[in-house]
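Per-entry structural report
Listed below, chain by chain, are the residues.
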Amino acid sequence: MKKLILLILAFTLLGCFKTSKNKFEKQSFGIVIHGGAGTILKKNMTKEKEKEYRQALSEAIRIGYDVLKNGGPSKAAVEKTINYMEDSPLFNAGKGGVLTSEGTIELDASFMDGKTLNAGAVSGVKKVKNPISAAIKVMEESPHVMLSGQGADIFSQIHNLEIVDQDYFFTERRINGLKRLQNVEKLKGVYKTQNDRSFLENQRYGTVGCVALDKSGNLAAGTSTGGMTNKKWNRIGDAPIIGAGTYANNLTCAISATGWGEFFIRAVVAHDISAIMEYKGLSIQEAAYEVIHNKVGALGGNGGIIGIDNNGNIAMEMNTSGMYRAHMNQEGKLDVKIYKDE
Ligand code: ASP
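Right, let's walk through the structure included here. Being a predicted model, the structure only gives us computed values, none of them experimental. (Residues numbered from 1 in each chain as written. Predicted model: local features only at pLDDT ≥ 70, side-chain atom pairs only at ≥ 80, totals over all residues. Heavy atoms only, no water.)

**Some remarks on the sheet that holds strand 6 (residues 219–225)**
Sheet architecture is open: eight strands sit in the order 4-3-2-6-5-1-11-12, paired in mixed fashion. Sheet topology places strand 4 (146–148) and strand 12 (334–339) at the edges, where each strand pairs with a single neighbour. Adjacent strand axes in the sheet meet at a mean angle of 10 degrees, parallel and antiparallel pairs treated alike. Bridge count between strand 11 (residues 322–328) and strand 12: five bridges; the pairing is antiparallel. Pairing of Met328 across the sheet is with Leu334, part of strand 12. The strands touched by helix 2 (residues 47–69) are strand 1 (30–38), strand 5 (208–213), strand 11 and strand 12; relative to strand 12, the strand with the most contacts, the crossing angle is about 145 degrees. (Pairing = 2+ DSSP bridges. Helix = DSSP H or I, 4+ residues; strand = E, 2+ residues; numbered from the N terminus. Axes fitted to C-alpha atoms, helices over the stretch in contact; angles between N-to-C directions. Contact = heavy atoms within 4.5 Å.)

**Remarks on the packing of helix 3 (residues 74–87) against helix 4 (residues 131–141)**
Running from amino to carboxyl end, helix 3 crosses helix 4 at an angle of 150 degrees, the nearest separation of the two axes being 8 Å. It follows from the interaxial angle that helix 3 and helix 4 lie roughly antiparallel. Every residue of helix 4 that contacts helix 3 at Lys75, Glu79, Ile82, Asn83 and Glu86 is listed here: Pro131, Ile132, Ser133, Ile136, Met139 and Glu140. Looking at the contact of helix 3 with helix 4, its residues break down into five nonpolar, two polar and four charged. (Parallel < 35°, antiparallel > 145°, perpendicular 65-115°, else oblique. Nonpolar A, V, L, I, M, F, W, Y, C, P; charged D, E, K, R; others polar.)

**Section: the sheet that holds strand 10 (residues 314–318)**
The strands that make up a sheet pair up through hydrogen bonds in the backbone, lying either parallel or antiparallel. A sheet is described by the order of its strands in space; here four strands give the open sequence 7-8-9-10, paired in antiparallel fashion. If you trace the sheet from one side to the other, it starts and ends with strand 7 (246–248) and strand 10, each paired once. Sheet twist, expressed as the mean angle between neighbouring strand axes with direction ignored, is 10 degrees. Relative to strand 10, strand 9 (residues 303–309) is paired through five bridges, and the arrangement is antiparallel. Directly across from Gly307, in strand 10, lies its bridge partner Ala315. Contacts from helix 8 (residues 269–280) reach strand 7, strand 8 (253–259) and strand 9 within the one sheet, and its direction differs from that of strand 8 by about 145 degrees. Each of strand 8, strand 9 and strand 10 is contacted by helix 9 (residues 284–299), which is oriented at about 20 degrees to strand 10, the strand it contacts most.

**Quick look at the side chain of Ser88**
Structurally, Ser88 is set in the loop between helix 3 and strand 2 (107–113). Taking the relative accessible area as the measure of exposure, Ser88 reaches 10% and is therefore buried. Excluding its chain neighbours within four sequence positions, the residues that come into contact with Ser88 are Ala93 and Lys95. (Buried < 20%, exposed > 50% of the residue type's maximum accessible area, 1.4 Å probe, protein only.)

**Topic: the site of the ligand**
With respect to spatial proximity, the complete set of residues near the ligand consists of Asn92, Tyr205, Gly206, Thr207, Gly227, Met228, Arg235, Gly237, Asp238, Thr258, Gly259 and Gly261. Between the ligand and the protein, one listed contact pairs an oxygen atom with a side-chain N or O atom of Thr207 at 2.6 Å. For the ligand, a nitrogen atom lies 2.7 Å from a polar atom in the side chain of Asp238. If the ligand stood free it would expose 270 Å²; the protein chains cover 100% of that surface. When its residues are assigned to classes, the shell around the ligand shows two nonpolar, eight polar and two charged. (Near = heavy atom within 4 Å. Polar contact = N/O pair within 3.5 Å; in protein donor to acceptor, adjacent residues only side chain to side chain. Areas by Shrake-Rupley, 256 points an atom, 1.4 Å probe, with all protein chains shown as cover.)

**As for helix 5 (residues 149–158)**
Considered for burial, the residues of helix 5 that qualify are Ala152, Asp153, Phe155 and Ser156. Within helix 5, the buried residues cover an arc of 160 degrees as seen down the axis, which keeps them to one side. Among the exposed residues of helix 5, those oriented more than 90 degrees off its buried face are Gln150 and Ile158. Just downstream of helix 5, Asn160 is the residue with a positive phi angle, here 60 degrees. (Arc of directions from axis to C-beta.)

Structure below.
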């Protein structure tokens, strides 16, 4: 009898061990993407639109997943996935970017390599078709980290990246978005302070981002955006700022953010998540929660992040009603989500 009890105990313990081992099983690679956060409510979404977004997210993430599965680097996975999203008019990046108060399109992007801590960024570009590729070129083929405006477009052209007319980026939806916000501005006046919520009214964040862990254990993060509708005076958001919108470090994690950029800059979101993991030993999920809710949220900002750590654990955290997002693990299990409570 005693022996039987001991045997049952041993099996139970073994069972526990197996479950916990499975739960924390290290992933050899993985990828997470976002297509922006914001007031995304089911009641405002048509079935067709929802399907379109879910399909675009699925197609985009599969591009990066295939790169990783075949042993390719996280850098290529991030670049190719974001290129797809930049080319899609659905997202606020590349084609389909939002308009400035002057009716132009100024794009921002950044990339960071978790192994070397090398990084590259462009801000306020108007001609390069795929700003994330320009950011990677800055990292690889210039002594600088961030280039802006005309210089960044010229640099892109010199490095043989595709150059397009501004017309290429415009979509009717974003033209209407500018009109709507400028009407709000006529009624409420121009925003005056960093905390003025009238600026935020009707804003939706459609920035795109991708983070990946490859089979060599290297992390990478990239973010690309048109910024915020009706932005003025060559405003630059968090997306091209290393440490705010994008950060990657093989010691910890890779992060890409989307949201009200001014707050993400002030809370230094992407780096803060990594720093909390590094210095306090928190998990990626705990660190992301802390920064999005207790730092960005406490300041009055909103948005979300996606992240992956060096074991393939992920975080998709937001304080908005939704964030277009998707994850694929090493087994190829695909998770596509839009609303917060999915
Ligand atoms: N974070 C971006 C910005 O402030 C906007 C977005 O996420 O869509 O420029």
